Amino acid sequence: GKQLSHPERVRVQSALAGGRQLDAHQLLFLLTRADLYMKYGHPEKGVILADSLLKRPAMVKPFAFDLSDCFSSLERLAFPAPYLDLFRQSAERERVPLSLVLAQARTESFFDPDARSPKDARGLLQLLVSTAKLEGMPENGDLFSPELNIALGAKHIATLLKKFDGRPALSA
């Protein structure tokens, strides 16, 4: 899966290391960093950073001011929905739960359209070329294209749901 670069990982780990609590400035810095990753082409890094902060809520020192907006932003960053219109259109067309398609993309690629696995699965929903062809990929189709990947991924999820009697746990 995707990871933060070594310097980024060291900064986050040092901020979270040894059960040390974050002060307001550290939390806001890391939250802003996650937000910037999301806005400027690295959604996978934003999700990883936000996710690591969400997993350690007890590590945040009590503050004299309300941080509820920060935590709602953190949840939004950890569970983003980029390409939402494409996901919604494909899920509706294939009659599959939107939440299932979004969860699959978050799990497989952290919403990185350029993700590529060691097994050569590609794009947001990590489709193999052979699977994409079975689902109707056109000749010379680009699985790194969000439009094509989401459409074929939703179609494949629909195929698996039919195969496994609508049980999402077996279809993902």
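Residues numbered from 1 in each chain as written. Predicted model: local features only at pLDDT ≥ 70, side-chain atom pairs only at ≥ 80, totals over all residues. Heavy atoms only, no water.

S.K.: Could you give an account of the overall build of the protein, with specific residues and numbers?
M.R.: Summing up its helical and strand segments, the protein has nine helices and zero strands in all. Seen in sequence order, the protein has helices and strands lined up from the N terminus as α-α-α-α-α-α-α-α-α. Across the 172 residues of the protein, 43% fall into the buried class. Here the contacts in the protein between residues at least 6 apart in sequence split such that 55% fall between residues at least 24 apart. Of the accessible surface of the protein, which amounts to about 9,800 Å², a share of 55% is contributed by carbon and sulfur atoms. (Helix = DSSP H or I, 4+ residues; strand = E, 2+ residues; numbered from the N terminus. Buried < 20%, exposed > 50% of the residue type's maximum accessible area, 1.4 Å probe, protein only. Contact = heavy atoms within 4.5 Å. Areas by Shrake-Rupley, 256 points an atom, 1.4 Å probe, with all protein chains shown as cover.)

S.K.: Outline unusual backbone geometry, listing residues and values.
M.R.: Phi at Phe-111 takes a positive value of approximately 65°, unusual for a residue other than glycine. Here Phe-111 is to be found in the loop between helix H6 (98-109) and helix H7 (129-134). By relative accessible area, Phe-111 is classed as buried at 1%.

S.K.: Give a detailed account of the nonpolar core, specifying residues and quantitative values.
M.R.: Of all hydrophobic cores here, the largest spans 21 residues; its most connected members are Phe-87, Val-96, Val-101 and Leu-152. Of all the secondary structure elements, the ones that give two or more residues to this core are helix H5 (84-94), H6 and helix H8 (146-163). No other element matches H8, which puts seven residues into this core. For Val-101, the contacting residues outside a window of four places in its chain are Phe-87, Ala-91, Val-96, Leu-125, Ala-154 and Ile-157. (Core = buried A, V, L, I, M, F, W, Y, C linked by side-chain atoms within 4.5 Å.)

S.K.: An account of the packing of H6 against H8 is requested, with residue identities and associated values reported.
M.R.: Packing of H6 against H8 brings their axes to within 11 Å, and their N-to-C directions diverge by 115°. With respect to each other, H6 and H8 are oriented roughly perpendicular. Crossing of H6 over H8 shows right-handed handedness. Side by side, H6 and H8 meet where Leu-100, Val-101 and Gln-104 of the first sit next to Ala-154, Ile-157 and Leu-161 of the second. Residue classes in the contact of H6 with H8 are distributed as five nonpolar, one polar and no charged. (Axes fitted to C-alpha atoms, helices over the stretch in contact; angles between N-to-C directions. Parallel < 35°, antiparallel > 145°, perpendicular 65-115°, else oblique. Left-handed = near helix turned anticlockwise from the far one by under 90°. Nonpolar A, V, L, I, M, F, W, Y, C, P; charged D, E, K, R; others polar.)

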